[in-house]
Amino acid sequence: MSRIYAIFCILLFVSAGLFAQGTQESVNVYTHRHYEADAQLFEQFENETGISVNVVTAGADELIQRLSQEGELSSADILITADAGRLEYAKELGLLQKHNSEDIQSAVLPAYRDVEGYWTGLTIRGRVIVYDGAQDDGSQLSTYEALVDPSFADSLLVRSSANIYNQSLLASLIAHHGVGQAEAWASGMVRNMAREPQGNDRDQMKALVSGEGRYAIVNTYYVGLLQTSNDPFEREVGQRIRVFFPNQDGRGTHVNVSGAGITAHAPNRENAQKLLEYLVTEQSQEVFAKANFEYPVRNDVPLHPVVASWGTFKADELNLSSLGAFNTEAVKIFDKTGWK
Ligand code: FE
């Protein structure tokens, strides 16, 4: 009897082993980021750990809605967005859980992660003013606020207010000046626009060198992507673009992060934490810098030479959770002031 039992145990052990071998370790990522750097990093992670990374790409609001609807049944382990405000919103909805990672705490500068550990920044980007160095010397520029001066009439190029980068910029103005002044600023910007908002950040810079306007508001990495593009026209546009960091005599230039959090019901929680930790390592931060010209979230990684060429700047130290807190108000102001 005991021999039969022993054989049974051995069979059970062997079959369990086979099953474990057949089970591929994985981590499921919902992401709003749309850059080549990310695909490169996910592949490297797969090769180094054997954990396969499955990616679903969509807009942040769509992904957040999907997470809410899926609830405990969601297969998502990680949510990545291109804006701290959306991560804060996901946290408030109870869609994220704490990562409890000492690696992340020690790697990522405190300003660029949630103090409670629900999300961490992966990269930093500035929203700057750019101009065409062949047509302008930028001496008229100072602050975001000053762009509403009548001397900037018909000169501003900026994308639609449906875009989260503009919503977060306006949210930062609400946080600093209140709703009234933020609304006056948005109206003034609309008045000084060279054309109705259209296209993405890169399109604003192309319009700039074709003479459609004199100043554009764009995220820093798009300057780098143009400056190093394989397309000769894009590269020429990039070479003519000059970066101006606004508000250097005051609070500093508006920055935002791309960031990530582990979902509340992550089925592969450990793998999710491993991937987050991987994305903030020195090597990964260098990939984000090299492939997408972003600023690192840790202070021991050198800037990419292209990024360094724009100069150093003081960043607005506003707590990034404010961007989420004032998002709804910002969208209302855009609608009211006719910023399309
Ligand atoms: Fe972007």
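This is a predicted model, so every value here is computed, not measured.

Tallying secondary structure elements over the protein gives 15 helices and 9 strands in all. If one aligns the C-alpha atoms of the protein with their principal axes, the spans along those axes are about 95 × 40 × 30 Å. By residue count, 52% of the 340 residues in the protein fall in the buried class. As displayed, the protein has an accessible area near 15500 Å², and 51% of this comes from carbon and sulfur atoms. Measuring between centres, the 27 positive side-chain charges of the protein sit 1 Å from its 43 negative side-chain charges.

Our focus in this paragraph is the side chain of Asp-136. Examined against the element boundaries, Asp-136 turns out to sit in the loop between β5 (120-132) and β6 (156-157). Judged by its relative accessible area of 15%, Asp-136 falls in the buried class. Reaching out from Asp-136, the side chain makes a polar contact with the backbone nitrogen of Gly-138 at a distance of 2.7 Å. Side chain to side chain, Asp-136 and Tyr-215 meet in a polar contact 3.0 Å long. Once residues lying within four places of it in the same chain are set aside, the contact partners of Asp-136 are Tyr-131, Arg-214 and Tyr-215.

Looking at the metal site, the iron ion is ligated by Tyr-35 (OH), Tyr-165 (OH), Tyr-221 (OH) and Tyr-222 (OH), spaced 2.0 to 2.1 Å from it. Because the angles between the 4 donor atoms bound to the iron ion fall within 86 to 135°, the donor set is best described as tetrahedral. Every donor residue of the iron ion comes from the same chain, spaced as Y-x129-Y-x55-Y-Y. Linking Tyr-165 in helix α6 (residues 164-177) with Tyr-222 in helix α9 (residues 220-227), this pair joins segments that are 57 residues apart in sequence.

Let us now look at the packing of helix α2 (residues 36-49) against helix α11 (residues 269-279). Across the interface, α2 lies against α11 with an axial gap of 11 Å and an inter-helix angle of 120°. Taken together, α2 and α11 sit at an angle that is classed as oblique. Where α2 crosses over α11, the handedness of that crossing is right-handed. Seen from α2, the contacting residues are Leu-41, Phe-42, Gln-44, Phe-45 and Glu-48; seen from α11, they are Asn-271, Lys-274, Leu-275, Tyr-278 and Leu-279. Of the residues contributing to the contact of α2 with α11, the split by class is 6 nonpolar, 2 polar and 2 charged.

Rules behind the numbers
Residues numbered from 1 in each chain as written. Predicted model: local features only at pLDDT ≥ 70, side-chain atom pairs only at ≥ 80, totals over all residues. Heavy atoms only, no water. Helix = DSSP H or I, 4+ residues; strand = E, 2+ residues; numbered from the N terminus. Buried < 20%, exposed > 50% of the residue type's maximum accessible area, 1.4 Å probe, protein only. Areas by Shrake-Rupley, 256 points an atom, 1.4 Å probe, with all protein chains shown as cover. Lys, Arg positive; Asp, Glu negative; His and termini not counted. Charge placed at Lys NZ, Arg CZ, Asp CG, Glu CD. Polar contact = N/O pair within 3.5 Å; in protein donor to acceptor, adjacent residues only side chain to side chain. Contact = heavy atoms within 4.5 Å. Donors = N, O, S within 2.8 Å, 3.2 Å for Na, K, Ca; no water. Tetrahedral: all angles 85-135°; square planar, octahedral: opposite > 155°, others 65-115°. Axes fitted to C-alpha atoms, helices over the stretch in contact; angles between N-to-C directions. Parallel < 35°, antiparallel > 145°, perpendicular 65-115°, else oblique. Left-handed = near helix turned anticlockwise from the far one by under 90°. Nonpolar A, V, L, I, M, F, W, Y, C, P; charged D, E, K, R; others polar.

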